[in-house]
Amino acid sequence: MEHAPRPAETPALANLTIEIVHDNCPFDGRLRTAWGFAAVVTGPEKAILFDTGSDGTLLLENMASMEIDPRRIDSVVLSHVHADHTGGLVGFLKVNPSVEVFLLESFPARFKETVRAYGTGVVEVELPTTICPCVHSTGRVGRRIHEQTLVVRTVRGLVVLTGCAHPGADRIVEQVRALHEGDIVLVMGGFHLGWATDSRIERVIRTFKRLGVQYVAPTHCTGEKAQNLFLKHFGDRCLAGGVGKTIALADLK
Ligand SMILES: [Zn+2]
Ligand SMILES: [Zn+2]
């Protein structure tokens, strides 16, 4: 007797590596720091550059030091329009224009034209968007400063990558929770708490705990005070960020 086909299972990655290639926070002393954030995500069908930092020369230098070939990147995802996340884009496109750039619909027309002038494809994001089978954008979050966040579905759960988290890291994780089923295994990136009060920081940490976030890797604009509070509450599940840091799925026990 023939069996009916099983419904397609939601794809989840068994391998994922995130490498921070541009950050104002230091980690690997061989690499240069500068204000901003960029990370390379490999393991999904597409190799993704998430944000580009502020400085294209430094971005490419750091990628070379980490033996990451920029020509192997398939897609660039820009979290938001600020220069410390987009300033490295033109330098990158000069080396590899054969990518598609996922940016928010609300980016200025001139910015989009600059990207298209390299012959590069632009994908304008407003609503939740699939980048490749296991990688999604939350779509636009935030009213004043628009931001999109990357969500990667892995066999260990969801990995969330933020740029600056201007709409609030807690609000972003709540949005991820609303959009995707599964545990949230890691939230990493800038949490934008450099000027926040202790009570605001504690509120973000409480939300992360309530939503079951297992690991955090706060960096970029998180701020020293918030970094220390995350370390206090997450212990050895608070991972270092900083330029040159690599986090693999296998590190998340
Ligand atoms: Zn910003
Ligand atoms: Zn930033």
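Above this text is the structure in question.
Residues numbered from 1 in each chain as written. Chains lettered and ligands numbered in written order. Predicted model: local features only at pLDDT ≥ 70, side-chain atom pairs only at ≥ 80, totals over all residues. Heavy atoms only, no water.

### Thoughts on the overall build of the protein chain
In terms of helices and strands, the protein chain carries seven helices and 13 strands. Rg of the C-alpha trace for the protein chain: 18 Å, near the compact-globule value of 18 Å for 253 residues, within the 12% margin. For the protein chain, the spread of C-alpha atoms along the three principal axes comes to 60 × 45 × 35 Å. Looking at the protein chain as a whole, 55% of its 253 residues qualify as buried. With an accessible surface of roughly 11,400 Å², the protein chain has 50% of that area assigned to carbon and sulfur atoms. Taking the 27 positively charged and 28 negatively charged side chains of the protein chain as two groups, their mean positions are separated by 5 Å. (Helix = DSSP H or I, 4+ residues; strand = E, 2+ residues; numbered from the N terminus. Rg over C-alpha atoms; globule rule 2.2 N^0.38 Å. Buried < 20%, exposed > 50% of the residue type's maximum accessible area, 1.4 Å probe, protein only. Areas by Shrake-Rupley, 256 points an atom, 1.4 Å probe, with all protein chains shown as cover. Lys, Arg positive; Asp, Glu negative; His and termini not counted. Charge placed at Lys NZ, Arg CZ, Asp CG, Glu CD.)

### What about the sheet that holds strand β3 (residues 48-50)?
Within the open sheet, the seven strands sit side by side as β6-β5-β4-β3-β2-β1-β13. Their pairing is mixed. The outermost strands of the open sheet, each flanked by one partner alone, are β6 (121-125) and β13 (246-248). Here the strands of the sheet are splayed against their neighbours by 20 degrees on average, with no regard to which way each runs. Of the strand pairs in this sheet, strand β1 (residues 17-23) and strand β2 (residues 37-42) are connected by six bridges, and their pairing is antiparallel. When the sheet's bridge partners are listed, T17 is paired in β2 with T42. Running over the sheet, helix α1 (residues 56-65) touches β1, β2 and β3 and is turned about 140 degrees from β1. Most of the contacts of helix α4 (residues 109-116) go to β6, to which it runs at about 150 degrees, and overall it touches β5 (100-104) and β6. (Pairing = 2+ DSSP bridges. Axes fitted to C-alpha atoms, helices over the stretch in contact; angles between N-to-C directions. Contact = heavy atoms within 4.5 Å.)

### Considerations on the side chain of T52
Tracing the chain through its elements places T52 in the loop between β3 and α1. Within the structure, T52 has its side chain in polar contact with the backbone oxygen of T86 (distance 3.4 Å). Within the structure, T52 has its side chain in polar contact with the backbone nitrogen of G88 (distance 3.2 Å). (Polar contact = N/O pair within 3.5 Å; in protein donor to acceptor, adjacent residues only side chain to side chain.)

### Some points on the coordination of the zinc ion (ligand 2)
Only D84 (OD), H85 (NE2), C164 (SG) and H220 (NE2) from the protein coordinate the zinc ion (ligand 2), and they sit 2.1 to 2.2 Å from it. Coordination geometry of the zinc ion (ligand 2): the four donor atoms subtend angles of 93 to 149 degrees at the metal centre, consistent with an arrangement described as irregular. Each donor residue of the zinc ion (ligand 2) lies on the same chain, and together they follow the pattern D-H-x78-C-x55-H. The distance between the zinc ion (ligand 2) and the zinc ion (ligand 1) is 3.8 Å. Taken together, the positions of H85 in helix α2 (residues 83-86) and H220 in the loop between β12 (215-219) and α7 (224-234) put the pair 135 residues apart, joining distant regions of the chain. The same class applies to H85 and to H220, which are both buried. (Donors = N, O, S within 2.8 Å, 3.2 Å for Na, K, Ca; no water. Tetrahedral: all angles 85-135°; square planar, octahedral: opposite > 155°, others 65-115°.)

### Overview of the environment of S75
Counting through the fold element by element, S75 comes out in strand β4 (residues 75-77). By relative accessible area, S75 is classed as buried at 0%. On a C-alpha basis, the gap between S75 and I48 in space is 4.9 Å, while along the polypeptide they are 27 residues apart. Within the structure, the side chain of S75 is placed 3.1 Å from the side chain of E100, a separation counted as a polar contact.

### Let's talk about the sheet that holds strand β10 (residues 157-162)
Read from one edge of the open sheet, six strands run β7-β8-β9-β10-β11-β12, paired in mixed fashion. Of all the strands in the sheet, just β7 (129-132) and β12 have a single pairing partner and so form its edges. Going across the sheet, the axis of each strand differs from the next one's by a mean of 20 degrees, ignoring polarity. Here five bridges tie strand β9 (residues 150-154) to β10, and the two strands are oriented antiparallel to one another. Across the sheet, residue V152 finds its bridge partner in β10, namely V159.

### What about the pattern of salt bridges?
Working definition: two side chains of opposite charge can pair if their charged atoms are close together. According to the stated counting rule, one finds ten salt bridges in the structure shown. The shortest N-O distance in the salt bridge between R30 and D28 comes to 2.7 Å. On the basis of relative accessible area, D28 is assigned to the buried category, the value being 19%. A salt bridge links E61 to R32; its shortest N-O distance comes to 3.2 Å. Taken together, the positions of E61 in helix α1 and R32 in the loop between β1 and β2 put the pair 29 residues apart, joining distant regions of the chain. (Salt bridge = Lys/Arg side-chain N within 4 Å of Asp/Glu carboxyl O.)

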